[in-house]
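Single-letter residue listing:
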Amino acid sequence: MNTLSDSFRNPWEKFHGPNLGYVMEMYEQYLQNPSLVDPELKEWFDRWGPPEFQGTNNDDDPKDVVHHTNVPANLLEKYVQAVKLADYIRTFGHLDAKINPLETSEKDSCHIDIQRFGLTEDDLKSIPSSIISLYLPNHIKNAFEAIQYLKEVYTSKLAFEFGHVQDVEEKKWLLQMVESGSYRPSISNEKRMELLKRLTEVEVFEQFLHRTFVGQKRFSIEGIDMLVPLLDEMISESVQKGTKLINIGMAHRGRLNVLAHVLGKPYEMIFAEFQHAPNKELIPSEGSIGITYGWTGDVKYHLGLDRKIKKENTVRTVITLANNPSHLEYVNPVVVGYTRAAQETRNKPGFPEQDENKSFAILIHGDAAFPGQGVVAETLNLSRLRGYQTGGTIHIIANNMIGFTTESEDSRSTKYASDLAKGFEIPIVHVNADDPEAVLAAAHLAVIYRQTFKKDFLIDLIGYRRHGHNEMDEPAATNPLMYQTIRKHPTVRQLYATQLEQQGIIQSTEEVDRFAKEVEKKLQAAYRKVADLKEELDYEMNPPEVAEKGIPKINTSVPVNVLEQVNHELVQWPDGFHVFNKLERILKRRITAFQENKIDWAHAEALAFATILQDGIPIRLTGQDSERGTFAQRHLILHDDKTGKIFSPLHQLSNSKASFAIHNSPLSETSVLGFEYGYNVFAPETLVLWEAQFGDFANSAQVIIDQFIASGRAKWGQKSGLVMLLPHGYEGQGPEHSSARLERFLSLAAENNWTVANMTKSSQYFHILRRQALILQKEEVRPLVIMAPKSLLRHPLVVSGASDLSKGSFQPVLPQPGLGHDAERVERLILCSGKIAIDLAEKLEEVKDKDWFHILRVEELYPFPMEEISRYIKQFPNVKEIVWVQEEPKNMGAWNFVEPRLLTLAPAGVQVSYIGRRRRSSTAEGDPIVHKKEQARIINQAFTRS
């Protein structure tokens, strides 16, 4: 509460409505025991006496203003109770609201009955309406009428929950919008007719599919038909406000209807897909529909679409429905990533410039999935974070009140599916899906709230599911009572048609039937076009040659003078900027390290990033602690140790032509990796990197890796150049800080879908980053998976010289320096990858007889460098065995992947064998001493003759 100055003649005039009610309640406590009251309030009561206030009967005539002062205690109690009652209605009115279309019995509203609060009708009529609310319509004359009005507002087919919103201005705005009714759009009779026609399209389309493609899955929208007009309304409102891009993510339920009617996917294309004869020639010639195809494809209810809304020849807005897998909610962070990418301008140095009005996201959730899937909470948590916020996502729960066959009481521990959102202070509207005009009002409120406060909003669209989970299910077997009700329940189109007929807006049911026949006729015509299409399936499903062929030769070297200039600029900071003393000394050593050819991993990374920015390619890097680096190696965001201000040396480069964004992420892998994938897909010119704190933690994002990054292009034609940095290496830190599960990435490797690298020189890292940046907008683009180092970050055997960066290039295979000089004597060829190669190199100093073996470091595991390894094998005519050495257990790491390839490469009579840990169920030992002993055994065995 604000301190009131002595100059106020009446300090209570600062308080109105619920706030005045609070002060009154405190005054009651003061009369009983002054020590129970806040000291500041007690001082006011001591000095000014009981609360004084003004009330008005809401007429404009000043003579009707009634002044109340020095309210007697008994009347004060009535005022307090009236305010409490109003707050109860606001807070608990949703419990009595008519938001369930299947619920026919009247609800018991005793908890908001006036008698429960010790009030009578006469009591309330004696109290001015302003004590209840300042936002009431003018015809409300007293508190009784105000209470009746609030009950109507908060217990109708549209119910509100925003008591959990903490911001005072937001809550005041929400109260004003709801209680004044100003959020409700005016709906003309013409618009009502259009709404009925839209509902007719939605319903008849589903019924046509049901009759025509019997027994095929379509995940019907029936029961939440209003989802389509709801999207229409939000899109229309946003386009009028100048939004250029609307991104939608949704599950199966209703997807075909949304594709057909919101995105404009031709009926012919949908029918052809049902007949397993998709025909790309069915795309409209005007090019307003953007459809991409992979080569293996996906089921029709996973596919996305782009639609351009044009006015004359100008594109006003693009609507995108994202592709998504059956892990339904995992598309959420992907779509939010799309949206952030669309909002940012990246063609200038510094952080990108963000315009939140350019685009926004709509996420459509299932009622069982919203509380049940952890990725939902992780995505909600991104909504207010500096590196991820998009100025508000509108969430819609397409609420069937059932999950597959599981009823709500078995699928969540909360009353509503939406309750999760309360923890993020997201306003919630529950709306009965059988009340079309209430649904449009909810849409309007959501859009203007998002535009006003740049925050998330949630609409809980409560309907039902007319059929089973899919059209092959019989729902009555598991949910008999619910489906007895549903089968008797009229559709929303029928209900709305009856309402409009009663209002005299339509004259007869014949007019309604005519709408349906027109839609049916259109569907029949579309079906006739494709009815005779034969299967044109591609049974080979070969990737296009440009996707499957390797990365083209690219010059990734950078002249020494450019590197030297960049290196100097990277250790400069603005005048008056104070870097922590110890850190300043460490960073400034990079000047001499460059001159002495001791460029370590993070140093090479900084030089790569700097030169990529000079090439005009934007960069975005996120991950837990990535600004500093998990291992205190990066420090690309510096903090002034006196003021706390931040600065990035990559923002001041003299020749930079693009933005550099780096953000510490929340403690989430799934949502953050999904976000970065989405960002990269929508900003294909940007080098986007996600760094796991430890590579093991990528486990938590396995769905994003499997269903999007590894297979998105094959399924949907969705290209990505995302980089994943996954710290990997066995250093005695136990099972969860050793392995990035290299084997999983290799098991998903096919069709040149990505590059998997495990490197041992900082120059290799420099060149592979630059190569990745330079292929971003080429057809050969693919994700890059790097098993990043930990202990090798500063290892002297990993450092490089300036000439390695200025003259070299990325090499898939590196021979161990100092070995293999006498080719005739080499009997064992040791192949390895990553950190174990440096362990072997360190041990070499102790090995006296080195001529009988040679070591090859396989720096790029996929695509596997068959030709390069073959050339090395041919150099050693007396090789008797090829040995793969790794530190991971035998059933993990690269062994299962490389074994068949080495058997193919091995000359006749040459044995292929394995040295490493035995097969294990856990990735690593828990005891560091045991680890050292096992690591020593592996290395000694590698240098011991069979």
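Residues numbered from 1 in each chain as written. Predicted model: local features only at pLDDT ≥ 70, side-chain atom pairs only at ≥ 80, totals over all residues. Heavy atoms only, no water.

*Asks:* Would you mind showing me how to read unusual backbone geometry here?
*Replies:* When glycine is set aside, most residues are seen to have a negative phi, and most peptide bonds are trans. For the bond from Y862 to P863, the omega torsion is -5°, close enough to zero to count as cis. Turning to its location among the elements, P863 is positioned in the loop between β27 (860-862) and α30 (866-875). In this structure, K454 is a non-glycine residue whose phi angle is positive, near 55°. The residue K454 is located in the loop between α15 (436-453) and β15 (457-462) in this model. Residue classification places K454 among the partly exposed residues on the basis of a relative accessible area of 24%. If you check the backbone angles, H635 has positive phi at about 55° while not being a glycine. Residue placement: H635 occurs in the loop between β16 (619-623) and β17 (638-639). (Helix = DSSP H or I, 4+ residues; strand = E, 2+ residues; numbered from the N terminus. Buried < 20%, exposed > 50% of the residue type's maximum accessible area, 1.4 Å probe, protein only.)

*Asks:* Where do I start with helix α31 (residues 895-905) in this structure?
*Replies:* Because an α-helix completes one turn every 3.6 residues, residues spaced three or four positions apart along the sequence face the same direction. When α31 is considered as a whole, its buried residues turn out to be W895, F897, V898, L902 and L905. All buried residues of α31 project into a common sector of 145° when viewed along the axis, lining one side. Against α26 (742-747), β25 (828-832), β27, α30, β28 (881-889) and β29 (911-917) lie the buried residues of α31. (Arc of directions from axis to C-beta. Contact = heavy atoms within 4.5 Å.)

*Asks:* When you look at the sheet that holds strand β26 (residues 853-858) in this model, what are you seeing that I'm missing?
*Replies:* Think of a sheet as strands paired side by side through backbone hydrogen bonds, with each pair either parallel or antiparallel. Taking strand neighbours across the sheet as the criterion, the 5 strands line up as β24-β26-β25-β28-β29 in an open arrangement whose pairing is mixed. Of all the strands in the sheet, the pair left with one neighbour each is β24 (813-815) and β29. Averaged over all pairs of adjacent strands, the angle between strand axes in this sheet comes to 25°, irrespective of strand direction. Both β28 and β29 contribute to a ladder of 6 bridges, which runs parallel. In the strand pairing of β29, V885 is matched with I915. Sitting on the sheet, α30 touches β24, β25, β26 and β28, and the angle it makes with β24 is about 25°. (Pairing = 2+ DSSP bridges. Axes fitted to C-alpha atoms, helices over the stretch in contact; angles between N-to-C directions.)

*Asks:* Explanation requested: the nonpolar core in the structure shown.
*Replies:* Most often, soluble globular proteins have nonpolar side chains that are buried together. In this structure, F160, L227 and F271 are the most contacted members of the largest nonpolar core, which totals 121 residues. Looking at this core, the element that brings in the most residues is α15, giving 11 residues. What F271 contacts, discounting residues up to four positions off in sequence, is F205, F208, L209, F213, L523, A526, Y527 and V530. Core analysis: the next-biggest nonpolar cluster, separate from the first, contains 71 residues, L831, V879, W884 and V898 among them. (Core = buried A, V, L, I, M, F, W, Y, C linked by side-chain atoms within 4.5 Å.)

*Asks:* I would appreciate a short explanation of the sheet that holds strand β22 (residues 755-757) in the present structure.
*Replies:* One open sheet accounts for 7 strands, arranged β19-β16-β20-β21-β23-β22-β27; its pairing is mixed. Unpaired on one side and paired on the other, β19 (660-664) and β27 mark the two borders of the sheet. The mean inter-strand angle of the sheet, taken between neighbouring strand axes irrespective of direction, is 20°. Here strand β21 (residues 723-727) runs beside strand β23 (residues 784-788); their pairing, made up of 5 bridges, is parallel. Its bridge partner lying in β23, M724 is registered against V785.

*Asks:* Before we go on, may I ask you to explain the environment of L150 in this structure?
*Replies:* Structurally, L150 is set in helix α5 (residues 143-154). Assessed through its relative accessible area of 0%, L150 is described here as buried. With 14 residues separating them along the chain, L150 and H164 place their C-alpha atoms 19 Å apart. When near neighbours in sequence (up to four residues on either side) are disregarded, L150 contacts A86, I89, R90, I132, L136 and E179.

*Asks:* What is the right way to read the pairing of strand β14 (residues 428-432) from this model?
*Replies:* Look at any regular strand and the pattern is simple: side chains alternate between the two faces of the sheet. Most of β14 is tucked away, with 5 of its 5 residues classed as buried. Burial along β14 is two-sided: the residues I428, H430 and N432 and V429 and V431 are all buried. Looking at chain direction, strand β3 (residues 158-161) and β14 are connected through 4 bridges and run antiparallel. Each residue of the ladder has a partner; that of E161, found in β14, is I428. Bridge count for β14 against β15 is 5 bridges, and the pairing is parallel. Following the sheet pairing, H430 is matched in β15 by D460. At this point the chain moves from β14, through α15, to the parallel β15, and the crossover so formed is right-handed. (Right-handed = clockwise from strand over helix to strand, strands pointing away.)

*Asks:* When you look at the packing of aromatic side chains in this model, what are you seeing that I'm missing?
*Replies:* Given two aromatic rings, one states the distance between the centres and the angle between the planes to describe the pair. According to the stated counting rule, one finds 32 aromatic pairs in the structure shown. Relative to F162, the ring of F160 lies with its centre 6.4 Å away and its plane at 50°, an arrangement referred to as tilted. Pair check on accessibility: F160 and F162 agree, each one buried. Taking NZ or CZ as reference, K415 lies 5.5 Å from the ring centre of Y416, over its face. Of note, R901 hangs over the ring of F897, and the distance from its end group to the ring centre comes to 3.8 Å. (Phe/Tyr/Trp six-rings, centres within 6.5 Å; stacked < 30°, edge-to-face > 60°. Lys NZ or Arg CZ within 6 Å of the ring centre and 35° of its normal.)

*Asks:* Help me understand the packing of helix α7 (residues 189-212) against helix α8 (residues 227-240) in this model?
*Replies:* Packed helix pairs are characterised by how far apart their axes lie and by the angle those axes make with each other. Across the interface, α7 lies against α8 with an axial gap of 9 Å and an inter-helix angle of 130°. Classed by the angle they form, the pair α7 and α8 counts as oblique. The two elements α7 and α8 cross, and the hand of that crossing is right-handed. Within the contact between the two elements, α7 uses K191, L195, R198, L199 and V202 and α8 uses V228, P229, D232 and E233. Split by residue class, the contact of α7 with α8 holds 5 nonpolar, no polar and 4 charged. (Parallel < 35°, antiparallel > 145°, perpendicular 65-115°, else oblique. Left-handed = near helix turned anticlockwise from the far one by under 90°. Nonpolar A, V, L, I, M, F, W, Y, C, P; charged D, E, K, R; others polar.)

*Asks:* I tried to follow the packing of helix α20 (residues 560-569) against helix α22 (residues 601-614) on my own but got confused; where do I start?
*Replies:* At a closest axis distance of 10 Å, the pairing of α20 and α22 adopts a crossing angle of 110°. With respect to α22, the axis of α20 lies roughly perpendicular. Here α20 contributes V562, L563, V566 and N567 to the contact with α22, which in turn contributes H603, L607, A610, T611 and Q614. Looking at the contact of α20 with α22, its residues break down into 5 nonpolar, 4 polar and no charged.

*Asks:* Can you walk me through the side chain of T760 in this structure?
*Replies:* Within the element layout of this structure, T760 appears in the loop between β22 and α27 (762-774). Residue classification places T760 among the buried residues on the basis of a relative accessible area of 0%. Engagement of the side chain of T760 in a polar contact is seen with the side chain of R857, the distance being 3.0 Å. Only 2.7 Å separates the side chain of T760 from the side chain of E859, close enough to count as a polar contact. (Polar contact = N/O pair within 3.5 Å; in protein donor to acceptor, adjacent residues only side chain to side chain.)

*Asks:* How do you make sense of the confidence of the model for the chain when you look at a structure like this?
*Replies:* In low-pLDDT regions, the fine details of the predicted coordinates are not to be read closely. In this model, the chain carries a mean pLDDT of 89, and residues with pLDDT of at least 70 account for 91%. Contacts for the low-pLDDT stretch residues 1-8, under 50 throughout, to residues beyond four places or in other chains number 19 contacts. Low confidence marks residues 54-69, where pLDDT is under 50. Its contacts with residues over four positions away, or in another chain, come to 29 contacts. (pLDDT = per-residue confidence, 0-100.)

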